[in-house]
Structure formats: structure tokens, C-alpha cells
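Chain residues, written in single-letter form:
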Amino acid sequence: MGLDALLAELDLHPEMIVLPCRHEAKAALPWFGGHFTGILKAGEGESHLSAAAPAGLRSFLHNISAIASRSMPEFIVSAEASHHGPVDIRTPSFFAEIGSTIEQWRDERAGEAVARAILELDPEELPVFLGFGGGHYVQRQTELIFNSRIAFGHMFSSYQVPDLDLVAVDLARVLSNAAYVYIDRKSLRSADRRRLEGMVADMGLPMLKAEEIRSRFSLDR
């Protein structure tokens, strides 16, 4: 039974699902962040994505960043590219994570910080972008979440772009309710960038550069 069906059976009908989780990484850096879920299988079958909660993830990142800056400055804050499952959640959702080793997972301050950031969520309906390119921690998209009035739905790192096809990109659009696209062009190989831009153009989604986003959706507005 999927999570949506299980909640419905319990007569629970949330507008958003937040999944607190631990994050493991070889770099072992103290880290807070979040992501949506999805598994890409271009050429090997059908890709699957869960419904994203862009406004929820944005609010969480802002909340946890504010908490960390006050009392836990050693923690880095970022979004992540969409990855792993579950991939069948149709209620907007995101993972909220503590990384990256057992030292941070057992840190009561970190657990309390994530809990507070979740409980203080204040999702604001803003323009939603799909994000493409960059590393796993989608640095450019994270920067735009903090320095402009936009939210990101599904985000895909440079290494995931070759596994995207038109069906997967359109699914990401639908499950993110996205109206725009941002591409970290410098992070992509020319062939991958041109193929991706072609798919986005076929879908009719506007592609904005970072400076255009900051100007059009300024924090001052």
C-alpha cells in the first residue's frame, strides 16, 4: 500500500508530506537540506517521480538556514537533486534531512533544529522552476532559492541529464506545477545542454538565466 492510500485509510488528508530523514555522505560534513524523490530510467524503462512540494522545501531551507546561522554555523544548508524513492507519492512532499554522519544524526541540537524548521513551515506560493545541471547539491539552484522570490520543483544534476527524456521532463513539470526552467548551462556538456534545451522548447516552458531570475523575481518586490 502506498503512503497516500495508507493516510487515506487513516482518514488523514494532508496538503503536504514532510519526511524527516538522515543523510549520509562520504564528505562527512555537517549538513542540513532537502529534496524531492525520483528515479530516472531513460532507455531502461519508465522514469518515476513523486509530487514535489516546492513552496514547502523553500520554506524549510530558509527556516533551517536561519536556525543554523544563529546556533549551528558549522552546518551547510542546501537543496539536493531529486533522487531515490518512494516515487509514487501524489501528495506534494519532500525529504528534510540531517547529514552527514552518526555524529550529526545523534546531535540533539540538529534534530531539534530540523523539527522546528518543519513545524514553522510557512509555504508561500511563488513562481516554480524546474532546475537542471550542477552537482548533486545543486549549488546554483540553492543560491536562487535564497536570493530570489522563486521556488524549485524537481531538480536534476548534470550527471542525471543524460537519463532525462521528454516524458520524464514533462512529468517533472506536472508533478512540480512548474511554469519556468532554469539550466545551469556552464555545468553541462554542450550536447547534453542542447538536447535539454530542445526538450524544454518543445514543451513551451520559458528558460530564464540566473540574472534574469534575480531581476524579475527580486527579493525587494
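Above this text is the structure in question.
Each chain has its residues counted from 1, following the order in which its sequence is written. At least 70 in pLDDT is required for a residue's local features to be given in this predicted model, at least 80 for side-chain atom pairs to be given and counted, and no such filter applies to totals for whole chains, interfaces and linings, which use all residues. Just so you know, side-chain values use all the structure's heavy atoms and leave hydrogens and water out.

A. Spatial organisation of the packing of aromatic side chains. For Phe, Tyr and Trp, where Trp contributes only its six-membered ring, two rings pair if their centres lie within 6.5 Å, and the inter-plane angle classes them as stacked under 30 degrees, edge-to-face over 60, or tilted in between. Per the stated rule, a full pass over the model turns up nine aromatic pairs. Ring centres 5.8 Å apart and planes at 45 degrees place the aromatic pair Phe 60 and Phe 94 in the tilted group. Linking Phe 60 in helix α2 (residues 54-71) with Phe 94 in strand β6 (residues 93-100), this pair joins segments that are 34 residues apart in sequence. For the pair Phe 60 and Phe 94, one class covers both residues: buried. Measuring from centroid to centroid gives 5.7 Å for Tyr 180 and Phe 217, while their planes differ by 70 degrees, and the two rings are edge-to-face. Residue Tyr 180 is found in strand β9 (residues 180-183), and its partner Phe 217 is found in the segment after α8 (210-216); the two are separated by 37 residues along the sequence. Using a 1.4 Å probe on the protein chains alone, a residue whose accessible area is under 20% of its type maximum counts as buried, one over 50% counts as exposed, and one in between counts as partly exposed. Note on Tyr 180: relative accessible area 15%, which makes it buried. Taking relative accessible area as the criterion, Phe 217 reaches 12% and is therefore assigned buried. What counts as a helix is a DSSP run of H or I of at least four residues, what counts as a strand is a run of E of at least two, and both are numbered from the N terminus.

B. Up close: a nonpolar patch on the surface. A surface patch of nonpolar side chains, about 270 Å² in accessible area, is lined by Leu 6, Leu 10 and Leu 12. Mapped onto the elements of the fold, Leu 6 is located in helix α1 (residues 3-9). For Leu 6, a relative accessible area of 37% translates into the label partly exposed. Put simply, a patch holds well-exposed residues, over 30% relative accessible area, that have no salt bridge, with like charges counted together within 9 Å and Val, Leu, Ile, Met, Phe, Trp or Tyr side chains within 5 Å. What sets the accessible areas is the Shrake-Rupley method with a 1.4 Å probe; for residues, cover comes only from the shown protein chains. A side-chain nitrogen of Lys or Arg and a carboxyl oxygen of Asp or Glu constitute a salt bridge if their distance falls within 4 Å.

C. Representation of helix α4 (residues 108-119). A helix is expected to span 1.5 Å multiplied by its residue count minus one. In a regular helix each residue adds 1.5 Å, so 12 residues correspond to 16 Å; α4 covers 16 Å between its end C-alpha atoms and thus fits that length. Inspection of α4 places Ala 110, Ala 113, Val 114, Ala 117 and Ile 118 among the buried residues, and these make up the whole buried set. One side of α4 holds all its buried residues, which, seen down the axis, span an arc of 130 degrees. Exposed residues pointing more than 90 degrees away from the buried face of α4 are listed as Glu 108 and Leu 119. Buried positions along α4 lie against β1 (17-24), β2 (31-35), α2, β6 and α3 (102-105). Contacts described as polar in this section are N or O atom pairs within 3.5 Å, which, within protein, must combine one atom able to donate a hydrogen with one able to accept it, while residues neighboring in sequence count only if both atoms come from side chains. With a side-chain oxygen lying 2.9 Å from the backbone nitrogen of Arg 109, the N-terminal cap of α4 falls on Asp 107. Working definition: the arc comes from the directions between the helix axis and the C-beta atoms, pointing outward to the latter. Two residues form a contact once any of their heavy atoms are found within 4.5 Å.

D. Geometry of the pattern of salt bridges. One pass over the full model with this rule turns up nine salt bridges. As a salt-bridge pair, Arg 109 and Asp 107 come within 2.9 Å of each other at their nearest N and O atoms. Judged by relative accessible area, which is 41%, Arg 109 ranks as partly exposed. On the accessibility criterion, Asp 107 (17% relative accessible area) is buried. In the salt-bridge network here, residues are joined through shared partners; they are Glu 74, Asp 107 and Arg 109.

E. Here's a closer look at the pairing of β2. With five of five residues buried, β2 lies mostly within the body of the structure. Because side chains alternate across β2, one face comprises the buried residues Trp 31, Gly 33 and His 35, and the other comprises Phe 32 and Gly 34, equally buried. Judged from the four bridges that link them, β2 and strand β5 (residues 76-79) form a sheet pairing that is parallel. Each residue of the ladder has a partner; that of Phe 32, found in β5, is Val 77. With five bridges connecting them, β2 and β6 associate as antiparallel partners. If DSSP finds at least two bridges between two strands, the strands pair.

F. Looking closely at the environment of Arg 195. Here Arg 195 shows up in helix α7 (residues 190-203). We classify Arg 195 as partly exposed; its relative accessible area is 34%. Residues in contact with Arg 195, not counting those within four places in the same chain, are Val 161, Pro 162, Leu 164 and Asp 165.

G. Structural context of the nonpolar core. Among the nonpolar cores identified, the biggest contains 36 residues, and Phe 32, Phe 60, Ile 64, Val 114, Phe 129, Phe 152 and Ile 213 are the most heavily contacted of them. Among the elements of the structure, α2, β5, β6, α4, α5 (139-147), β8 (151-156), β9 and α8 are those that each provide at least two residues to this core. Here Phe 32 is in contact with Ile 64, Ala 68, Met 72, Phe 75, Ile 76, Val 77, Ser 78, Glu 97, Ile 98, Ala 110, Ala 113 and Val 114, once residues within four sequence places are set aside. The next biggest cluster of nonpolar side chains, apart from the first, holds 21 residues, and it includes Leu 49, Ala 51, Met 199 and Leu 205. Only buried Ala, Val, Leu, Ile, Met, Phe, Trp, Tyr and Cys residues count toward a nonpolar core, and they belong to the same one when joined by side-chain atoms within 4.5 Å.

Geometric descriptors of this kind do not, in isolation, establish any biological role.
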